[in-house]
Amino acid sequence: MKLVVVESPAKAKTIEAYLGPGHKVLASYGHVRDLPPKDGSVDPDAGFAMEWEPYADKAKQLKAITDAAKGADTLILATDPDREGEAISWHVQEVLRKKKALPAHVERVTFNAITKTAVLAAMKAPRALDEDLIDAYRARRALDYLVGFTLSPILWRKLPGAKSAGRVQSVALRLIVDREREIELFRAQEYWSVSAVFESDATPFNARLVGLDGKKIERLSIGDKGAADAAKAVVEAGHFTVGSVETKPFTRNPPPPFTTSTLQQEAARKLGFAASHTMRLAQSLYEDGLITYMRTDGVQMDGEAISAARRAIADRYDAGYVPDKPRMYTAKAKNAQEAHEAIRPTDFKRQAGGSGDHARLYGLIFNRALASQMASARLERTTVELSDGAGRATLRATGQVTLFPGYLALYEEGRDDKVDDDEAAKMPLLKAGDAPAKRSVDAVQSFTQPPPRYSEASLVKRMEELGIGRPSTYAATLQTLKDREYVKLEKQRFTPEESGRLVTAFLERFFERYVDYDYTAGLEEGLDDVSGGRTGWQALLEAFWKDFKPKAGEVMEQKPSEVTAALDEFLAPFLFPDKGDGSDPRLCPLCGTGQLGLRGGKFGAFVACSNYPECKYTRQFGQGGDAAPSEGPQEIGNGITLKSGRFGPYLERGEGKEAKRASIPKDVPMEGLTLETAVQLMSLPREIGAHPETGAMISASIGRYGPYLVHDGKYARLSSTAEVFETGMNAAVAKLADAAAGGGRRTGGREPLAVLGVHPVSGKELKVMEGRFGAYVTDGETHATLPKSADPKAVTLDAGVVLIDEKAAKGPAKGKKKVVKKKAPVKKVAAKKKA
């Protein structure tokens with residue numbers, strides 16, 4: 001018997017069906033062991049020896065693999081075709097060797113797609129484990145461990161409130177913080193543009209002023225209203241004729257098929273998906289055999305796939321959309337290895353796959369891959385210059401015409417940020433000497449804009465350009481920054497939180513080299529050299545640790561007050577910016593004599609006056625130099641005090657442990673905070689009354705996730721703080737009912753995707769519904785999830801009956817019983833007497 005090990009159960013089931021008798025396919029469910037999160041897991045003094053520990057939740061899988069291995073004559077390791085896949089195979093092999101259950105023959109096979117052809121071909125071409133890839137994995141894992149477990153304790157001790165640091169995570173955070181600094185330092189510049197609307201052959205077009213009295217007019221040439229009005233008057237008075245018409249044809253070539261990073265970028269732009277969500281969907285599509293492997297930086301497709309794509313293009317369009325020669329692509333990203341194919345569909349005859357978000361992502365991958373082999377778009381750009389009879393003003397109009405759409409008929413690449421594209425405007429047919437009618441003249445005021453904050457797409461793109469991290473880790477890196485609350489995502493853009501800014505400042509001040517973009521990219525190149533067999537993994541780690549360890553020890557020896565003083569100086573331009581009037585930016589605005597400085601507290605950094613405790617001026621770290629002063633607690637009335645805390649302003653009544661507190665919601669304006677509002681907030685939760693059906697109390701309050709109603713353990717969201725105090729009984733009952741109807745898998749209020757017919761045994765009607773986790777078949781009681789690769793609208797009654805019967809036979813899901821641990825009696829220990 002041959003034992004085949006893959007990562008996921010979905011792959012295991014599919015591949016076992018392909019291989020047939022004589023093979024047993026088991027899933028490892030990803031990595032089976034890792035470095036335990038404790039000191040000593042990597043020992044630099046012992047050649048960077050690593051102590052690996054199996055995951056506690058993988059015991060069942062490891063036992064199944066071990067038991068099967070004992071009865072197998074061959075072990076076939078068929079994990080993913082990348083460094084992580086190689087590492088998982090190595091871990092499985094080492095675990096079996098340790099348990100003395102390793103079969104006599106061990107083979108490693110890889111395939112880029114889970115199709116029968118690809119899997120069977122891979123089984124005929126086994127190889128040994130790639131030791132260079134395994135070494136690169138070990139080096140990367142050790143690096144991340146050494147950085148994280150060295151820096152994080154320093155942060156905890158020297159920077160209260162900080163949570164963690166990481167080799168790639170901290171550099172990605174610095175990118176976000178650096179962009180925020182650019183935005184803060186940016187000073188908008190006023191400029192004006194003058195343009196005229198002309199019309200010819202009933203077609204209007206816009207022309208902008210590019211020359212005035214012999215001077216070239218550029219974007220910032222006209223800087224105030226007076227100059228703009230003068231230029232506008234010249235254009236209004238002029239009689240314009242066409243001086244020249246220039247027409248230039250040009251082509252646009254299609255972008256290459258997706259890599260991991262470009263897929264994440266485009267899914268963020270066009271579908272609004274987070275990088276982590278994109279990768280989960282892509283993993284499912286891969287395991288269902290719909291697309292090729294989704295962790296890759298290669299941009300080329302297999303020769304057979306290119307031929308299939310060209311046939312699909314010819315069938316879908318016509319021969320004119322198929323280029324004479326197949327297109328070949330080369331990756332432009334820094335450190336690209338191009339070890340695997342680009343991401344593409346496994347079958348170009350299948351234009352749709354899956355349902356819901358899976359279908360949307362599949363469509364994006366399909367269109368991009370197909371478009372990559374289509375003919376170039378042919379366009380024509382027309383530039384018309386008009387001048388007045390007096391020779392004072394010159395106007396220019398541009399337009400664009402699509403002569404042949406080519407790949408644009410199917411796909412156009414998205415953009416991270418909007419750009420002006422006047423060239424796409426439609427132009428009438430003009431020739432020299434024509435005098436189009438002038439309809440209007442405008443002078444428009446504008447201001448230069450700061451660079452935009454990073455979106456997930458633009459941040460991934462920038463990291464790839466700099467060579468920071470690997471595409472397969474980007475999703476996890478961005479998720480870590482959000483989980484640590486170092487950044488927040490507002491309107492799909494990253495803004496650093498004050499904790500993120502402080503951590504970045506700390507690392508830049510004390511560990512500048514290790515958050516340097518070029519240094520981090522250089523480490524990635526070193527890891528690539530290890531995977532290519534050009535560098536030893538221990539030599540790479542030795543070179544890193546030789547400088548990093550002394551630096552960490554040096555910083556650890558510094559007192560927290562010394563760290564705070566150094567950060568105060570480093571952050572002075574941000575915390576105390578020059579006011580421009582010659583005054584001292586550190587002068588306390590409350591007492592007028594003290595000096596402001598950075599202080600460290602239990603919950604993080606803040607700015608305070610040097611005259612404390614006589615002067616109680618404070619402001620939060622992230623508020624910047626122009627923040628309104630905090631004059632300490634303010635009495636509102638009725639014993640209620642307004643205070644400022646770690647998480648913002650709050651109300652308090654009473655003292656010590658008996659004090660009652662209430663946060664001030666974001667939709668309650670501070671400047672309009674009245675005693676009445678304060679009393680209402682302090683009185684929450686508000687009892688609305690007994691439910692007319694159950695008799696249980698309905699209450700309204702404000703929680704961690706906003707305002708809500710609660711009744712008998714069931715919740716309903718409210719849209720604003722005002723609703724907490726205004727919602728009456730009728731409205732509350734209705735909202736609770738609506739919330740209950742929307743929960744769970746209820747089919748009552750939604751249209752089915754398909755009605756299959758009546759079950760031949762039960763007589764119940766079978767329907768296909770869209771649920772939270774994808775499409776499913778239901779008879780009203782039993783719900784059976786459809787495979788992600790199935791088209792919900794193409795499911796037959798027979799298939800639906802089989803799914804429902806199989807699910808019913810399994811019975812209801814068994815919930816895990818909670819084990820209640822009995823508390824051991826507390827033994828009273830007599831206090832030791834002092835010597």
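Residues numbered from 1 in each chain as written. Predicted model: local features only at pLDDT ≥ 70, side-chain atom pairs only at ≥ 80, totals over all residues. Heavy atoms only, no water.

## Description of the overall build of the protein
Short version of the rule: Runs of H or I in DSSP of at least four residues are treated as helices and runs of E of at least two as strands, each being numbered from the N terminus. Partly exposed residues are those whose accessible area sits between 20% and 50% of the maximum for their type, while under 20% is buried and over 50% is exposed, using a 1.4 Å probe and protein chains only. The contact criterion used throughout is that any non-hydrogen atoms of two residues lie within 4.5 Å. For accessible areas, the Shrake-Rupley method is used with a probe of radius 1.4 Å. Any residue's cover is judged against the shown protein chains and nothing else.
The number of helices and strands found in the protein is 22 helices and 32 strands. In the protein, buried positions account for 46% of the 835 residues. Put simply, of all contacts in the protein between residues at least 6 apart along the chain, 66% involve residues at least 24 apart. Counting only carbon and sulfur atoms, one obtains 50% of the accessible surface of the protein, whose full area is about 44,100 Å².

## A few points about the packing of aromatic side chains
Our working definition: Stacked, tilted and edge-to-face are the three classes applied to pairs of Phe, Tyr and Trp rings, where Trp contributes its six-membered ring and a pair requires centres within 6.5 Å; stacked means planes under 30 degrees apart, edge-to-face means over 60, and tilted covers the rest.
Within the structure shown, the criterion is met by 19 aromatic pairs. Ring geometry for F511 and F548: centres 6.1 Å apart, planes at 45 degrees, overall tilted. One end of the pair, F511, is in the loop between α14 (498–510) and α15 (517–531); the other, F548, is in helix α16 (residues 537–556), and 37 residues separate them in sequence. For F511, a relative accessible area of 2% corresponds to the buried category. Pairing Y708 with Y715 gives two aromatic rings, centres 5.6 Å apart and planes at 55 degrees, and the pair type is tilted.

## Some words on the packing of helix α5 (residues 131–158) against α15
Heads up, the condition is: Working convention: axes come from line fits to C-alpha atoms, limited for helices to the stretch in contact. Angles between N-to-C directions cover 0 to 180 degrees. Each angle gets one of four labels, with under 35 degrees taken as roughly parallel, over 145 as roughly antiparallel, 65 to 115 as roughly perpendicular, and the rest as oblique. Amino acids are sorted into nonpolar (Ala, Val, Leu, Ile, Met, Phe, Trp, Tyr, Cys and Pro), charged (Asp, Glu, Lys and Arg) and polar (every other residue, Gly among them).
Contact geometry for α5 and α15: axes closest at 7 Å, N-to-C directions at 150 degrees. Taken together, the axis directions place α5 and α15 in an arrangement best described as roughly antiparallel. Within the contact between the two elements, α5 uses D132, L133, D135, A136, A139, R140 and L143 and α15 uses L523, E524, L527, V530 and S531. Counted by class, the contact of α5 with α15 contains 7 nonpolar, 1 polar and 4 charged residues.

## Here we look at the confidence of the model for the protein
Heads up, the condition is: As a per-residue measure, pLDDT tells how confident the predictor is, with possible values from 0 to 100.
Taken as a whole, the protein shows an average pLDDT of 85; of its residues, 90% reach a score of 70 or greater. Throughout residues 743–749 the model reports pLDDT below 50, and contacts reaching past four residues in sequence, or to other chains, amount to 9 contacts. Contacts for the low-pLDDT stretch residues 814–835, under 50 throughout, to residues beyond four places or in other chains number 0 contacts.

## A word on unusual backbone geometry
In this chain, Y612 is followed by P613 through a cis amide linkage whose omega measures 10 degrees. Assignment of secondary structure puts P613 in the loop between β19 (604–609) and β20 (618–620). In this structure, F48 takes a positive phi of about 60 degrees despite not being glycine. Tracing the backbone shows F48 in the loop between β4 (42–43) and β5 (49–50). Exposure remark for F48: the relative accessible area of 1% places this residue in the buried category. With phi around 60 degrees, E485 is a residue other than glycine that occupies positive phi space. Among the secondary structure elements, E485 is positioned in the loop between α13 (474–483) and β16 (487–490).

## Some details on the sheet that holds strand β29 (residues 754–758)
Keep this limit in mind: Note: two strands are recorded as paired if DSSP finds a minimum of 2 bridges between them.
Across the sheet, which stays open at both edges, the 4 strands sit in the order β29-β30-β31-β32 with antiparallel pairing between neighbours. The two strands at the open ends of the sheet, each matched to only one other strand, are β29 and β32 (783–785). Across the sheet, the axes of successive neighbouring strands diverge by a mean angle of 25 degrees, strand direction being ignored.

## Some thoughts on the environment of I76
Within the secondary structure, I76 is located in strand β7 (residues 74–77). Overall, the relative accessible area of 3% leaves I76 in the buried class. When the C-alpha positions of I76 and V5 are compared, they lie 6.4 Å apart, and in sequence the two are 71 residues distant. Residues within four places of I76 in sequence aside, it is in contact with K2, L3, V4, V5, E107, V109 and M123.

## With respect to the sheet that holds β7
If you walk across this open sheet you meet the 4 strands as β2-β1-β7-β8, and the pairing is parallel. Lying at the two open borders of the sheet, with one neighbouring strand each, are β2 (23–27) and β8 (105–108). Here the strands of the sheet are splayed against their neighbours by 20 degrees on average, with no regard to which way each runs. With 4 bridges joining them, strand β1 (residues 2–6) and β7 adopt parallel strand pairing. Along β7, the bridge assignment pairs K2 with T74.

## Let's talk about the pattern of salt bridges
Short version of the rule: A carboxyl oxygen of Asp or Glu within 4 Å of a side-chain nitrogen of Lys or Arg is what we treat as a salt bridge.
According to the stated counting rule, one finds 42 salt bridges in the structure shown. With its nearest N and O atoms 2.8 Å apart, the salt bridge here joins R181 to D178. Note that R181 and D178 are positioned in helix α6 (residues 169–185) at a spacing of 3 residues, about one turn of the helix. A relative accessible area of 21% means that R181 is categorised as partly exposed. The exposure class assigned to D178 is buried, which follows from its relative accessible area of 17%.

## Considerations on the nonpolar core
Threshold: As used in this record, nonpolar core signifies buried Ala, Val, Leu, Ile, Met, Phe, Trp, Tyr and Cys residues forming a set joined through side-chain atoms within 4.5 Å.
Ranked by internal contacts, the top residues of the largest apolar core, which has 97 residues, are L3, F506, F511, F544, L567 and L571. The element contributing the most residues to this core is α5, with 12 residues. Residues within four places of F544 in sequence aside, it is in contact with L143, V147, Y514, Y519 and L523. Within the second largest apolar cluster, 58 residues are counted, among which are I15, L285, F404 and L410.

## A word on the pairing of β16
Note that β16 and strand β17 (residues 493–496) share 4 bridges and pair antiparallel. Of the residues in β17, the one forming a bridge with K488 is T495. Counting the residues that bridge the hairpin from β16 to β17 gives 2 residues, and of these K491 lies at a positive phi of roughly 55 degrees.

## Comments concerning the state of the cysteines
Applicable threshold: Here, two cysteine sulfur atoms that lie within 2.5 Å of each other are counted as a disulfide.
In this structure the tally under the stated criterion is 0 disulfides. Between C609, a cysteine without a disulfide, and C591, which holds the nearest cysteine sulfur, the sulfur-to-sulfur distance is 3.7 Å. A relative accessible area of 2% means that C609 is categorised as buried. There is no disulfide at C615, and the cysteine sulfur nearest it, in C588, is 3.7 Å away. Relative accessible area serves as the criterion here: at 6%, C615 is assigned to the buried category.

## Some remarks on the pairing of strand β14 (residues 393–404)
Pairing between strand β10 (residues 203–212) and β14: 4 bridges, direction antiparallel. Within β14, the position partnered with L209 by the bridge is L395.

## Some remarks on the packing of helix α10 (residues 303–316) against helix α11 (residues 356–371)
Close contact between α10 and α11 brings their axes to 9 Å; oriented N to C, the two are set at 95 degrees. When the axis of α10 is compared with that of α11, the two are roughly perpendicular. Across the interface between the two elements, A309, A312, I313 and R316 of α10 pack against F366, N367 and L370 of α11. Its residues assigned to classes, the contact of α10 with α11 comprises 5 nonpolar, 1 polar and 1 charged.

## Things to note about the environment of A230
For A230, the location among the structural elements is in helix α7 (residues 225–237). Considering only alpha carbons, one finds A230 and A443, 213 residues apart in sequence, at a separation of 9.9 Å.

## Section: the side chain of Q264
Note that Q264 resides in helix α8 (residues 260–271). Looking at Q264, the relative accessible area reads 2%, which means it is buried. Not counting the four nearest positions on each side in its chain, Q264 is found in contact with A275, T278, M279, V460, P471, Y474 and A475.

## Description of the side chain of R167
Heads up, the rule is: Counted as a polar contact is a pair of N or O atoms within 3.5 Å, where, for protein atoms, one must be capable of donating a hydrogen and the other of accepting one, and residues adjacent in sequence contribute only when both atoms are in side chains.
As for its position among the elements, R167 is in the loop between α5 and α6. Polar contacts involving the side chain of R167 include one to the side chain of D144, which spans 2.8 Å. A polar side-chain atom of R167 sits 3.2 Å from a polar atom in the side chain of E524.

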